[in-house]
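Chain by chain, the residues:
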Amino acid sequence: MLIAEPLQTAIEELGKLPSIGRKTAQRLALHLVKSNPEVVENLVAALTALKENLKLCSVCYNISVEDTCDICKSVKRDRAIICVVEEASDIIAIEKTNEYNGLYHVLGGVLSPLSGTDADSLKIKELLQRLQGDTVKEIILALNPDTEGEATSLYLAKLLKPLSLKITRIARGLPIGGDLEFADEATIGRAVIGRITL
Amino acid sequence: MYLKELELINFRLHKSSKINFSDKLNYIVGGNGQGKTTILEAVYFLCTTKNLLSSSESEIVNFNENFFEAKGKFKELTEDLSRVLYQKDINKKFFYLNEKQIFRSSSVIGKFPIVTLTQPDHSITQGAPADRRKFVDMVISQTSETYLKILIDYNKILKQRARLLIQIFETKNYSLLQQLDSWTETLVEAGSELISHRIAFISDFNDYLKNAYSKILENAETPYIEYHHPEGTTAEEIKKDFYLKLEELKGEELRRCSNLAGPHRDEFTFRINGLELKKYGSQGQHKTFQIALKFAQFFYMKEKLSRTPVFLLDDVFGELDSYRAEKISWFLREVGQAFITLTDFTRFEKLNVGSGNSLFTVKNGCVEYA
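Note that the structure is a prediction, hence the values are computed from the model and not measured. (Residues numbered from 1 in each chain as written. Chains lettered and ligands numbered in written order. Predicted model: local features only at pLDDT ≥ 70, side-chain atom pairs only at ≥ 80, totals over all residues. Heavy atoms only, no water.)

1. Side note on helix α3 (residues 129-143) of chain B
Residues spaced three or four apart along an α-helix point in a common direction, a consequence of the helix completing one turn every 3.6 residues. All names here are of chain B. What counts here: Helix numbers and strand numbers start at the N terminus; a helix is a DSSP run of H or I with at least 4 residues, a strand a run of E with at least 2. In this scheme, a helix's expected span is set at 1.5 Å multiplied by one less than its residue total. The cut-offs for exposure are 20% and 50% of the maximum accessible area for each residue type, with area from a 1.4 Å probe on protein chains only; residues under the lower value are buried, those over the upper are exposed, and the others partly exposed. Working rule for contacts: check all heavy atoms of both residues, and any pair within 4.5 Å makes them a contact.
In this model α3 runs 22 Å from its N-terminal to its C-terminal C-alpha over 15 residues, within 8% of the 21 Å that 1.5 Å per residue would give. All of the buried residues in α3 are R132, R133, F135, V136, D137, V139, I140, S141 and T143. Of the surrounding elements, those touching the buried residues of α3 are α2 (122-126), α4 (145-171), α5 (177-216), β10 (268-272), α7 (277-280) and α8 (283-305).

Put into C-alpha cells, the structure is as follows:
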C-alpha cells in the first residue's frame, strides 16, 4: 500500500495507544493532517508538557506537578487514613465520589507472578515507611476485585497485621441505580454473601 | 425447545439438504460415511457456534466449494432462525440470530441448550480422572454462571501460583514464600467455593443418575458417583482441611513446582453396586453408565434451566444388545426432541418408529423420509 511515510508513521504511533485500533488511528492521523497548524501545535505542546512537567508524588506516587501532590499537601485531608490503590487512575475515580477525605498510596500494580510483578516491584516498602510513627490509624485496601487484586490484598493484610492498625477492604456488590434483575449472577452471589444488618 | 427445520448447503457431503424434523424422536439411518453424523454436527453448530468433533471448519466445506451454510429454525414460544456461514478463502465464520449478526458466541451459548452423546464420551468412564472432572465442571457450568466464573478465576490462580513456585525454585529467594501464602489463601477461598458447589451438585445429580440407570436396566444395579474432596461438612471445615493439605504438601509443591491439591485434582469415582466401575466394569456396563450419565445430564439441565435441551445421540446402539436398545428407545420418548443416528435399523426392529417420530435415511449426502 502506498501511504506517505509521515502519515504511516503517525498512524503506527497512534495505534500503539490503548483502545485505539487501526481504523481509529488512521482517522485521527488524517484528521490532524487536515487540521490547522495551531491545533497540532497545541496538541504537541500538551503532550510534551505531560512528560516534562509531571512526575510522581514522592509520598504517595500519585501523578503530580510538584514533588508532593496536592492531596498529600492539603491540610484539610485526614492524615489518619490511607487508601491503597493499584494505579493513579483509581485515585481519580475515588476522588470523583467526594466521599473520601484521607490520603492515598499508589502501589503501581498488583502481585502477578505470570507478568513478573512481585512484592519488591510494588511500592510496598514505601507504604511501610509511611506507617512509622502513629499518625496513621486505618488502611483501606481498594484494589480491584479480581484474583490478582485479591491475592495482593491478602498479602498486604498479613504484612500490616503486626502494626495494630485498622485494616479494611472496600465492599463489593451491586452498583447503585442498577437493577437487581440485570446484575450478573456472580455479583448478586457476592452481594448476598456480603450482606449487612440494618 | 425443538429444532423444526434444518437446511444445509455444502456442509460436508450435503450439497443441499432441507429437512423437517419431528419434535419427538428423529432416527437418522444410513451406511458408514454417508453423512448421518454430519446432521448432528450441523445441529450442534447452530446451538453452540462450535464444532462437535474437533475438526477445523475448513474441513466441513464440501470439496470444490468455498463456503458452507447451515440454517435452523428453532421453535419455542417464538420461532428463532439461527444461521451460520463459513467462508473458506478468508477462514471466517459468521453467525446470525434472526438475521442479526452475532459477534460474541457467549450470547448464543445457553440460548439453545443441548446434550450430546458421541464416541469420545467413552473417556468419561474409561479415561483419566481429568475427563470425569471435565464432565462434572461442564454440567455445573451450563446451569450455574457463578460456578463458571469461579472456575475461570480458580484456573487463573492456579497459573499464577505455579509460576510463583517455579520462581521460588529457580531463584531460591525464600522471601517470596510470604507471597506464596497469599496466593495459597486465594486458592483456598476460590477452591472451597468450587468444592461446595460440587458437593451440592453430586448429591443432587446422583438421584438423576439412579433414575436414568433404572430406566435402562430394570435390575438391581445401583450407580453412584463419589466425590473425593477435603474432609468436612460445613464450608469452614472444608476450607480448614484444604488449607491443612496444602500446608502438608508445601515442601513437595516447592520441589515439583506445581499445585498438588485442590478441586483441579479431586477425583470422582463412578460405582455400580459399590464396585468401582473403572476397575471392575464390563464394556456393557461402561456403555450403560455413559448413556445414563447423559440422560441424567439431560433431565438435570431441563429442571435447572426450566427449558428442554435438544438431545443428540451418535451411534449409541451399535454396542448394545437389543434389550437395552429397546429400553433406551422407550426412555427417549420421555425426553422431548432427540436426534439418533443408526447404521442398521432392521437389527433393532423393536425400536419401531412410533407415531409422531420420524425416520430418515441418508445416502451420500441426500436425505429421504422413510
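2. A few points about the sheet that holds strand β9 (residues 223-227) of chain B
All names here are of chain B. Keep this limit in mind: Note on pairing: DSSP must find at least two bridges between two strands before they are called paired.
Judged by pairing direction, the sheet is antiparallel, and its three strands sit side by side in the order β9-β10-β11 without closing on themselves. The open sheet terminates on both sides in strands that have one partner only, identified here as β9 and β11 (275-276). Examined bridge by bridge, β10 and β11 share two bridges and lie antiparallel to one another. Looking at β11, one finds that I272 is bridged to L275.

3. Thoughts on the domain arrangement of chain A
Here is the rule: Each domain's extent was defined by an automatic or database domain assignment.
One can read the domain layout of chain A as domain 1 (5-53) and domain 2 (76-176). With centres defined by C-alpha atoms, the gap from domain 1 of chain A to domain 2 of chain A works out at 35 Å.

4. Regarding the interface of chain B and chain A
How big an interface is tends to be reported as the loss of accessible area on association of its parts. For clarity, the cut-off: A quick way to say it: buried area is the sum, across both parts, of accessible area lost when two parts are put together, with a 1.4 Å probe. The salt bridge criterion pairs a side-chain nitrogen of Lys or Arg with a carboxyl oxygen of Asp or Glu, the two atoms within 4 Å. Pairing of N or O atoms within 3.5 Å defines a polar contact, subject to two protein rules: one partner must be a possible hydrogen donor and the other a possible acceptor, and residues neighboring in sequence count only if both atoms are side-chain atoms. Under this grouping Gly is polar, as are all residues other than the nonpolar Ala, Val, Leu, Ile, Met, Phe, Trp, Tyr, Cys and Pro and the charged Asp, Glu, Lys and Arg.
Every contact between the two is made by 22 residues of chain B and, on the other side, 18 residues of chain A. When the buried surface of chain B facing chain A is broken down by residue, Q160, Q179 and W183 of chain B rank first, second and third, together holding 27% of it. Residue K158 of chain A pairs with E185 of chain B through a salt bridge whose shortest N-O separation is 3.0 Å. There are five residue pairs in polar contact (both at pLDDT 80 or more) connecting chain B and chain A. When contributions to the side of chain B that touches chain A are tallied by element, the ones reaching two or more residues are α4 and α5 of chain B. In terms of residues, the side of chain B that touches chain A owes the most to one element, α4 of chain B, which gives 11 residues. Among the residues making up the side of chain B that touches chain A, the classes are represented as five nonpolar, eight polar and nine charged.

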